[in-house]
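# Report on the structure
As a plain string of letters, each chain reads:
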2 protein chains.
Amino acid sequence: MARRISPQNPESRNTTDGRRVEQQAENHRRTRKAHLSEIAEDYVEVIAELIDSNGEARAVDIARRLGVTHVTVVKTIARLVREDLVSTKPYRSIFLTDAGRQLAEKARHRHQIVVRFLKSLGVSDAAANADAEGIEHHVSAETLQAFEQYCRRMNHE
Amino acid sequence: MARRISPQNPESRNTTDGRRVEQQAENHRRTRKAHLSEIAEDYVEVIAELIDSNGEARAVDIARRLGVTHVTVVKTIARLVREDLVSTKPYRSIFLTDAGRQLAEKARHRHQIVVRFLKSLGVSDAAANADAEGIEHHVSAETLQAFEQYCRRMNHE
DNA sequence: TATTATATGTAGCCTTCGCTACACATGTTG
DNA sequence: CAACATGTGTAGCGAAGGCTACATATAATA
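Not measured: the values here are computed from a predicted model.

Conventions we followed
- Every residue gets a number counted from 1 within its own chain, in the order that chain's sequence is written.
- The lettering of chains begins at A and the numbering of ligands begins at 1, in the order of writing.
- For this predicted model, a pLDDT threshold of at least 70 governs which residues receive local features, and a threshold of 80 or more governs which side-chain atom pairs are given and counted, while totals over whole chains, interfaces and linings are taken from all residues.
- Side-chain calculation: all heavy atoms of the structure are included, whereas hydrogens and water are not.
- Residues below a pLDDT of 70 in either copy are left out; the C-alpha atoms of the rest, at least 70 in both, set the least-squares superposition of the copies.
- The contact criterion used throughout is that any non-hydrogen atoms of two residues lie within 4.5 Å.
- Here, a salt bridge means any Lys or Arg side-chain nitrogen found within 4 Å of an Asp or Glu carboxyl oxygen.
- Numbering of helices and strands starts at the N terminus; helices are DSSP runs of H or I of at least 4 residues and strands are runs of E of at least 2.
- The axes used here are C-alpha line fits, helices contributing only the stretch in contact, and every angle between their N-to-C directions lies in the interval 0 to 180 degrees.
- Put simply, angles under 35 degrees are roughly parallel, angles over 145 are roughly antiparallel, angles from 65 to 115 are roughly perpendicular, and the rest are oblique.
- In this scheme, a crossing is called left-handed if the near helix is turned counterclockwise away from the far one by less than a right angle; it is called right-handed if the turn is clockwise.
- In this classification, the charged set is Asp, Glu, Lys and Arg, the nonpolar set is Ala, Val, Leu, Ile, Met, Phe, Trp, Tyr, Cys and Pro, and all remaining amino acids, among them Gly, are polar.
- Under the pairing criterion, centres of Phe, Tyr and Trp rings, with the six-membered ring standing for Trp, must be within 6.5 Å; the plane angle then separates stacked pairs below 30 degrees from edge-to-face pairs above 60, leaving the rest tilted.
- In this description, a nonpolar core means a group of buried Ala, Val, Leu, Ile, Met, Phe, Trp, Tyr and Cys residues linked to one another through side-chain atoms lying within 4.5 Å.
- Each residue is placed in one exposure class: buried if its accessible area under a 1.4 Å probe, protein chains only, is under 20% of its type's maximum, exposed if it is over 50%, and partly exposed if it falls in between.
- Once two parts are joined, some of their accessible surface, as seen by a 1.4 Å probe, is lost; buried area is that loss totalled over both.
- Distance and chemistry together define a polar contact, namely a pair of N or O atoms within 3.5 Å, with one atom able to donate a hydrogen and the other to accept it when in protein, and with adjacent residues in sequence counting only for side-chain atoms on both sides.

Let's shift gears to the relation of the copies chain A and chain B. With an axial shift of 0.0 Å and an RMSD of 0.1 Å, the rotation relating chain A to chain B amounts to 180°. Those values place the two copies in the arrangement expected of a two-fold rotation axis. When C-alpha positions in chain A are compared against the rotation axis, the closest is assigned to A:Ile135, at 2.6 Å. Of the interface residues in chain A, 98% have counterparts in chain B that sit at the interface too, so the contact is made through matching surfaces.

Have a look at this one:
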């Protein structure tokens, strides 16, 4: 029976390795935390879209666009109100605060860049749109800039 | 007071628009669902790493690498056992099933491609590693292929 | 305006990932 | 082998996103 190589010992715990492991942990922590913001961004993005096209954002429409029930929307909106991204009044539609509008703008901007970038790479429209939905939330400023640069290079030949 | 543009009417509900909205909803649904697999992939990836380097994967080591407590690991591992990705015995370390090993291999492969791709684009090592952690789970087969192709083009000068 | 259709809200449930605190098993070492 | 360190397990909590079922409010229309 294969027993422990380095038993009960927190793996090869030299400092170099420890730092690498801590870095890895930090990346995972960041990614997990990002997940909370992702949903917030999706909501404000959709809300901004709806306000632009319909003049207002109603819970049912948000629900339809996100593919959830209106109950889920109501609950999540409550969180976003707590976080001061949107505001509501009972039985009235949903508004963005200044912070919410800013976040929506940022999200939309990033989203567009990612889509454009993927298309420039030769990815189909459908896949570009689908993948961007997931990717956009995990792109650092540095990477986003690299995406933009690539698009520019492609356009200027 | 601004009243409804198109009151009580599920937005401009012509068929064309309806299809677009349904597509958007579907993308969001997929992205949300992906989140469950993400965590599974992170776990099997780390477990595979640990088995390679240490000969075994212990809960504490997984915890350290993912930046969570061992309790969280134990709980999540229970789910992965239910999903037949890993197997355990009380007070023994953690093993991958065939399905788990396969998933780990796939995840690792994708992860490497994404990192390599980002670096080829000119992104720093740190950012490439950090962003890949989030991006890798949202890259479709088609996009992954585009990434690989780009890397190949870069290497062949 | 009364009826009906649609939107919003509330109650209460599930699941998942987090956590702390404490109990118990296993390994290491004097 | 006893004592101590370290790893594993369990109880019980919170926050979030999801849901169904039902109640209530608002809007459209006969």
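This next bit is on the pattern of salt bridges. Counted by the stated rule, this structure contains 22 salt bridges over all chains. Taking the shortest distance from any N to any O, the salt bridge between B:Arg64 and B:Asp61 comes out at 3.1 Å. Residue B:Arg64 and its partner B:Asp61 are located together in helix α2 (residues 59-66), separated by 3 residues, close to a single helical turn. Look at the salt bridges and you will find they share partners, linking A:Glu22, A:Glu26 and A:Arg29 into a network.

Angle between the axes and distance between the axes are the two parameters that describe a pair of packed helices. All names here are of chain B. Interhelical geometry of helix α4 (residues 98-120) versus helix α5 (residues 125-135) gives an angle of 140° and a closest axis separation of 9 Å. With respect to α5, the axis of α4 lies oblique. The hand of the α4/α5 crossing is right-handed. Of the residues in α5, those touching α4 at His 111, Val 114, Val 115, Leu 118 and Lys 119 are Asp 125, Ala 128, Asn 129, Asp 131, Ala 132, Glu 133 and Ile 135.

Looking now at the packing of α4(B) against helix α6 (residues 141-155) of chain B. Residue and element names in this part refer to chain B. Two elements in contact, α4 and α6, have axes separated by 9 Å at closest approach and are oriented at 50°. Of the possible angle classes, the one that applies to α4 and α6 is oblique. Along this stretch, α4 crosses α6, giving a crossing that reads as left-handed. The residues of α6 that touch α4, namely those facing His 109, Arg 110, Ile 113, Val 114, Arg 116, Phe 117 and Ser 120, are Leu 144, Phe 147, Glu 148, Tyr 150, Cys 151 and Met 154. For the contact of α4 with α6, the class distribution of residues is 8 nonpolar, 2 polar and 3 charged.

The subject of this paragraph is the packing of aromatic side chains. For the coordinates displayed, the defined rule picks out 6 aromatic pairs over all chains. Put simply, the rings of A:Phe117, A:Phe147, A:Tyr150, B:Phe117, B:Phe147 and B:Tyr150 pair up and form one aromatic cluster.

Attention shifts here to the nonpolar core. Counting 34 residues, the largest nonpolar core has A:Phe117, A:Leu118, A:Phe147, B:Val114, B:Phe117, B:Leu118 and B:Phe147 as its most contacted members. Elements with a contribution of two residues or more to this core: α4 (98-120), α5 (125-135) and α6 (141-155) of chain A together with α4, α5 and α6 of chain B. Beyond its immediate stretch of four places on either side in the chain, A:Phe147 contacts A:Ile113, A:Val114, A:Phe117, A:Val139, B:Leu118 and B:Leu121.

Turning next to the side chain of A:Asn27. If you trace the backbone, A:Asn27 turns up in helix α1 (residues 15-54). Those residues in contact with A:Asn27 that sit more than four places away from it in its chain are B:Asn129, B:Ala130 and B:Glu133.

Here we come to the interface of chain A and chain B. Contacts between the two partners involve 58 residues from chain A, matched on the other side by 57 residues from chain B. Between chain A and chain B, the buried area comes to about 5000 Å², and carbon and sulfur atoms account for 47% of it. Counting across the chain A and chain B interface gives 0 salt bridges. Where chain A packs against chain B, one counts 17 residue pairs in polar contact (both at pLDDT 80 or more). Only α1, α2 (59-66), α4, α5 and α6 of chain A provide two or more residues apiece to the side of chain A that touches chain B. Top element by residues in the side of chain A that touches chain B is α1(A). It accounts for 16 residues. Of the residues in the side of chain A that touches chain B, the class split is 19 nonpolar, 19 polar and 20 charged.

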